Amino acid sequence: MQCEEFFDQLWRDYIRVTPQAERIHQLFIDRGEVIVNDHVALRTFDLAPINIASLEPLLLQLGYARFQPYQFNDKYLDAWSYLHRDETQPRIFFSELKIAFLSPKAQSLIQAMVAQVPVAVTRSHDIFFAGRPWPMPSWADYECLLAESEYAAWLSVMGLRANHFTISVNHLDVPSMAVVIDLLQHQGFELNREQGVIKGSPQTLLEQASTLADSITLPFRDGDSHPVKTCYYEFARRYPDETGFLYQGFVPANANAIFHSTDRG
Ligand code: NI
């Protein structure tokens, strides 16, 4: 699979559950902008065959290389960022939940889900956009996961799809995060306010902001339907580092705040 097709499939799957993303995308298109993706974020559990180590070869096949590791100890997450040799392709931010830090009950729920993943799908890029690869959990199991990890609960119902796409503010006509935020607020989009609307600063070389995730109502395994958080849209502006080149990394403090975009609230 080529990158263009990979991101096209990811995007189509993402907007199916994130209608706000298509509206925001169109808002910028209507203003004459050409949208460039700064990065796309993927989430998974640290259990084979869907842990980062198992799925990373799929990213390498697309032409990506590992860039930097990150740790979010309070959320039990490890992550890697990946850069493509073609700089016009988005960065990829891939995180995994270290399930050993959860209770035995939550661990066994997750192990039972992952045991149902068809191994064949994990050998194809489809794993990232073919939908949740295990049956829908019961509401009680979802609540059990939610009590320990918003991330685990999100993954249990959403599967491994793109968690968010990110508009590169650097590539907008007016490359200003404040202008983007003003526009979104005027259009009525709700923003993540954890640690302030703009996470980071020119001094940390990366400014980020995001909307709050959309909600959809899904039928749980026991028959009840409940609204759950789906995905959100992010905005990033990068600054040159002391070498004069645009900063390519991620700032853990920013990412830590952005993760809250899918909180149930
Ligand atoms: Ni992000």
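Our structure's up above, just so we're on the same page.
Notes on the structure follow. (Residues numbered from 1 in each chain as written. Predicted model: local features only at pLDDT ≥ 70, side-chain atom pairs only at ≥ 80, totals over all residues. Heavy atoms only, no water.)

## A short note on the coordination of the nickel ion
Every protein donor of the nickel ion is accounted for by H39 (NE2), H164 (NE2) and E234 (OE), and the metal-donor separations fall at 2.0 to 2.1 Å. Along the chain, the residues that donate to the nickel ion are spaced as H-x124-H-x69-E. One end of the pair, H39, is in strand β1 (residues 37–45); the other, H164, is in strand β5 (residues 162–168), with 125 residues separating them in the sequence. You can call H39 buried: its relative accessible area is 2%. Given a relative accessible area of 6%, H164 falls into the buried group. (Donors = N, O, S within 2.8 Å, 3.2 Å for Na, K, Ca; no water. Helix = DSSP H or I, 4+ residues; strand = E, 2+ residues; numbered from the N terminus. Buried < 20%, exposed > 50% of the residue type's maximum accessible area, 1.4 Å probe, protein only.)

## Overview of the packing of aromatic side chains
A complete count under the given rule lists 23 aromatic pairs for this structure. Here F6 and F7 contribute two aromatic rings whose centre-to-centre distance is 5.1 Å and whose plane-to-plane angle is 75 degrees, an arrangement assigned as edge-to-face. A relative accessible area of 0% means that F6 is categorised as buried. A centroid spacing of 6.1 Å and a plane angle of 90 degrees characterise the contact between Y70 and F250, whose relative ring orientation is edge-to-face. With Y70 in strand β2 (residues 64–72) and F250 in the loop between β9 (232–238) and α8 (252–258), the pair connects residues that are 180 residues apart, well separated along the chain. When the ring centre of W154 is taken as reference, the NZ or CZ atom of R43 above it lies at 4.8 Å. (Phe/Tyr/Trp six-rings, centres within 6.5 Å; stacked < 30°, edge-to-face > 60°. Lys NZ or Arg CZ within 6 Å of the ring centre and 35° of its normal.)

## Notes on the pairing of β1
Summarising burial for β1: eight of the nine residues are buried, a large majority. Bridging between β1 and β5 involves four bridges; their strand directions are antiparallel. Bridging across to β5, A41 finds its partner in H164. Sheet analysis places β1 next to strand β4 (residues 91–97), joined by seven bridges and oriented parallel. (Pairing = 2+ DSSP bridges.)

## Thoughts on helix α2 (residues 19–30)
An ideal rise of 1.5 Å per residue puts 16 Å on twelve residues; α2 measures up with 17 Å between its terminal C-alpha atoms. Here α2 has its buried residues at Q20, A21, I24, L27 and F28. One face of α2 carries all of its buried residues, which in axial projection span an arc of 120 degrees. Pointing more than 90 degrees away from the buried face of α2 are the exposed residues R23 and D30. Close packing links the buried residues of α2 with α1 (3–17), β5, α7 (177–186) and β9. (Expected span 1.5 Å × (residues − 1). Arc of directions from axis to C-beta. Contact = heavy atoms within 4.5 Å.)

## Overview of the layout of surface pockets
Using a probe with the size of a water molecule, rolled over the atoms, empty space left in the structure can be pinpointed. Taken as a whole, the largest pocket holds about 320 Å³ of empty space. Taken together, 17 residues form the lining of the largest pocket, with E87, T88, Q89, R91 and Q248 sitting closest to its centre. Broken down by secondary-structure element, the contributors of at least two residues to the lining of the largest pocket are β1 and β3 (77–84). Grouping the amino acids of the lining of the largest pocket by side-chain chemistry returns four nonpolar, eight polar and five charged. By volume, the second largest pocket amounts to about 180 Å³. For the second largest pocket, the lining is made up of 13 residues, of which K75, S149, E150, Y151 and H260 are closest to its centre. When the residues that make up the lining of the second largest pocket are grouped by side-chain class, the tally is four nonpolar, three polar and six charged. (1 Å grid on protein atoms, 1.4 Å probe; cavity = no way out; pocket = protein on both sides within 12 Å on 5 of 7 lines; lining within 4 Å. Points joined across faces, edges and corners; volume = space filled by probe spheres on them. Nonpolar A, V, L, I, M, F, W, Y, C, P; charged D, E, K, R; others polar.)

Just distances and angles here, no functional claims.
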